[in-house]
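These are the residues of each chain, in order.
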Amino acid sequence: MGILKKRPFYVNLFIAIIVAVLGLIWVGEHAIDVRVVTLRYFLFVVSGFVAFVTPYLLFPDSNTPLLQLGNIRDRDLRKYLIQKLFRFHWPLLMLFVVLVFGDLTSPLEQISAKLMNLVFAVTFFIGLNLISLSRYIRSGKDSQFWQESEKGREIRKTFAQNFKYPLDPGSIPSLINTVLITTIGMIAVVIAALLSDTIGDFMIIPLGLILLIIGIATAVNLRDVQEQCFYTTNAFYKEFFGSDLQGETVVERRKVEQLWWVPSPIRANVWQFLQQIDRKIPAGRAVAVGHLFIWYFAYQRVNEEFIIALWVLFAIAHQLFIVFTLQQQIAPSWLLRWIDSGFNWFLSRVWMQVRWIVPLLLSMNAQQFIFGLPDFRAQSFVITSYLITAILVSAAGSVQLKQDVK
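This is a predicted model, so every value here is computed, not measured. (Residues numbered from 1 in each chain as written. Predicted model: local features only at pLDDT ≥ 70, side-chain atom pairs only at ≥ 80, totals over all residues. Heavy atoms only, no water.)

Engineer: Help me out: how do you make sense of the overall build of the protein in this one?
Structural biologist: A count of helices and strands for the protein gives 18 helices and 0 strands. For the protein, buried positions account for 46% of its 406 residues. Put simply, of all contacts in the protein between residues at least 6 apart along the chain, 80% involve residues at least 24 apart. (Helix = DSSP H or I, 4+ residues; strand = E, 2+ residues; numbered from the N terminus. Buried < 20%, exposed > 50% of the residue type's maximum accessible area, 1.4 Å probe, protein only. Contact = heavy atoms within 4.5 Å.)

Okay, here's the thing in structure tokens:
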């Protein structure tokens, strides 16, 4: 739909090239049986990924006023939501193709086996996404009930008193959905492996189609209440939740004094950026998922070049937090120029990224201790790439700021 902004062609091309290169480095020289096992392990990871990331891709939707103004509903609304997911997920679909058909040693052998595994991966992925989409769209009403009801307040107090954990009861439906969707995906992968090993690869295609049909059925079954569920859930995710250990609802804010690692002249600037990021996305959890993703590949004992490439890409991906601060609705140019100079905002964005250096080093060193890679030279290259890209993206933000003011 026209509401969604299209990525520039060169961006999609760059992503496609990176996916193809990484996939070929990962499994290009392996036999088909090894690549099938790799695909199954990867689908395990994808199950958890889909279950976790779906609500953050869909909600809160910044295009809600346009959707309401255009009275987008029924099939058009469903198409819009699916397109939002596809804009993010298409590299994974491409990676499935590379994992199965990216055979550098015998590209024309066992075509039928390759095709059947690809069909299963694609139908599995689309079906699981449709199930996840339907489940999360429905979660808003239940989340509001748990957030506002007496039962929800009791659960919050119980967790605060017994576990010293500030559980937000409004997140209970999301937690249930995450566990349920992950379990469905993992069970499907296990069944597919059993069917393939005992009967034959042809049996995994009906299994993938069953998951796809279930996904389509859950999406179609939502059509009568789709708009109500979508706007209710979107409103819920727009709210800012927080809680203390006593169960009282508060908005927990990071204090400026906590940013001891930031020079005092730009400390307030960095604080503003971090507040906006924390209100929009769970930055810490997103980064943690990235670390787990790379550890998964290290556990598979892939070659060192591939691991280093993953670390470099992951380090560069951190700069998306800077890109987030370039949005006008988050940090209007006129307001930034009124508060401080362009150079100080450049420094603020760079220093904002310093917080991720320690987790990167700790994770890489732990991985090096357990798996023997990446070595210290590779780690230096990763950190250097991280700092250089942070500087370049921040500089681009300063240039944009100057142009917007003019």
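Past the structure itself, the notes keep going.
Engineer: Is there a simple way to think about a nonpolar patch on the surface in this case?
Structural biologist: A contiguous nonpolar surface patch, about 470 Å² in accessible area, is contributed by Phe-9, Leu-13, Ile-17, Val-21 and Ile-25. Tracing the sequence through the fold places Leu-13 in helix H1 (residues 9-27). For Leu-13, a relative accessible area of 40% gives the class partly exposed. (Patch = residues over 30% accessible without salt bridge, like charges linked within 9 Å, V, L, I, M, F, W, Y side chains within 5 Å. Areas by Shrake-Rupley, 256 points an atom, 1.4 Å probe, with all protein chains shown as cover. Salt bridge = Lys/Arg side-chain N within 4 Å of Asp/Glu carboxyl O.)

Engineer: Please clarify how the packing of aromatic side chains should be interpreted in this entry.
Structural biologist: What characterises a pair of aromatic rings is the spacing of the ring centres plus the angle enclosed by the ring planes. Under the definition given, this model contains 13 aromatic pairs. A ring pair is formed by Phe-321 and Trp-356, whose centres lie 5.7 Å apart and whose planes are at 25°; its orientation type is stacked. Separated by 35 residues along the polypeptide, Phe-321 in helix H14 (residues 320-325) and Trp-356 in the loop between helix H16 (342-352) and helix H17 (357-371) bring together distant segments of the chain. The residues Phe-321 and Trp-356 share a single accessibility class, namely buried. An aromatic cluster of three or more residues is present, and its members are Phe-42, Phe-96, Phe-125 and Phe-293. Over the face of the ring belonging to Phe-321 we find Arg-355, whose NZ or CZ atom lies 6.0 Å from the ring centre. (Phe/Tyr/Trp six-rings, centres within 6.5 Å; stacked < 30°, edge-to-face > 60°. Lys NZ or Arg CZ within 6 Å of the ring centre and 35° of its normal.)

Engineer: Whenever I open this one, the pattern of salt bridges confuses me. Can you help?
Structural biologist: Evaluation of the coordinates by the stated rule reveals 4 salt bridges. Between Arg-35 and Asp-103 there is a salt bridge whose closest N-O contact spans 2.7 Å. Remark: Asp-103 occurs in the loop between helix H4 (74-101) and helix H5 (111-137) and Arg-35 occurs in helix H2 (residues 32-58); sequence separation between them is 68 residues. Note that Asp-61 and Lys-84 form a salt bridge whose closest N and O atoms lie 3.3 Å from each other. Placement of Asp-61 in the loop between H2 and helix H3 (64-69) and of Lys-84 in helix H4 is noted, with a sequence separation of 23 residues between them. What makes Lys-84 buried here is its relative accessible area of 14%.

Engineer: I tried to follow the packing of H5 against helix H9 (residues 204-221) on my own but got confused; where do I start?
Structural biologist: Relative placement of two packed helices is described by the angle separating their axes and the distance separating the axes. The N-to-C vectors of H5 and H9 enclose an angle of 20°; their axes lie 7 Å apart at closest approach. By the angle between their directions, the pair H5 and H9 is classed as roughly parallel. The crossing of H5 and H9 is left-handed. Touching Met-116, Asn-117, Val-119, Phe-120, Thr-123, Phe-124, Ile-126, Gly-127, Leu-128, Leu-130, Ile-131 and Ser-134 of H5 are Ile-204, Ile-205, Leu-207, Gly-208, Leu-209, Leu-211, Leu-212, Ile-214, Gly-215, Ile-216, Thr-218 and Ala-219, all from H9. (Axes fitted to C-alpha atoms, helices over the stretch in contact; angles between N-to-C directions. Parallel < 35°, antiparallel > 145°, perpendicular 65-115°, else oblique. Left-handed = near helix turned anticlockwise from the far one by under 90°.)

Engineer: What should I look at first to understand the side chain of Arg-78 in this one?
Structural biologist: Within the secondary structure, Arg-78 sits in helix H4. Overall, Arg-78 belongs to the buried group, its relative accessible area being 17%. Side chain to side chain, Arg-78 and Gln-226 meet in a polar contact 3.3 Å long. Setting aside anything within four residues of it in sequence, one finds Arg-78 in contact with Ala-219, Arg-223 and Gln-226. (Polar contact = N/O pair within 3.5 Å; in protein donor to acceptor, adjacent residues only side chain to side chain.)

Engineer: What's the story with unusual backbone geometry in this structure? I'm lost.
Structural biologist: In most cases, non-glycine residues show a negative phi, while peptide bonds are predominantly trans. With an omega of 0°, the peptide bond between Leu-373 and Pro-374 qualifies as cis. Tracing the chain through its elements places Pro-374 in the loop between H17 and helix H18 (376-405). Backbone geometry places Gln-110, a non-glycine residue, at a positive phi of 50°.

Engineer: Can you help me understand the environment of Ala-390 in this one?
Structural biologist: Turning to its location among the elements, Ala-390 is positioned in helix H18. The spacing of Ala-390 and Ala-315 is 75 residues in sequence and 9.5 Å in space, taken between C-alpha atoms. The residues contacting Ala-390, other than those within four sequence positions of it, are Gln-319, Ile-322, Val-350 and Gln-353.

Engineer: Explanation requested: the environment of Asp-103 in the structure shown.
Structural biologist: Look at Asp-103 and you get buried, because its relative accessible area is 5%. The spacing of Asp-103 and Arg-35 is 68 residues in sequence and 9.1 Å in space, taken between C-alpha atoms. Discounting chain neighbours no more than four positions away, the residues touching Asp-103 are Gly-28, His-30, Arg-35 and Lys-114. At a separation of 3.2 Å, a polar atom in the side chain of Asp-103 contacts the side chain of Lys-114.

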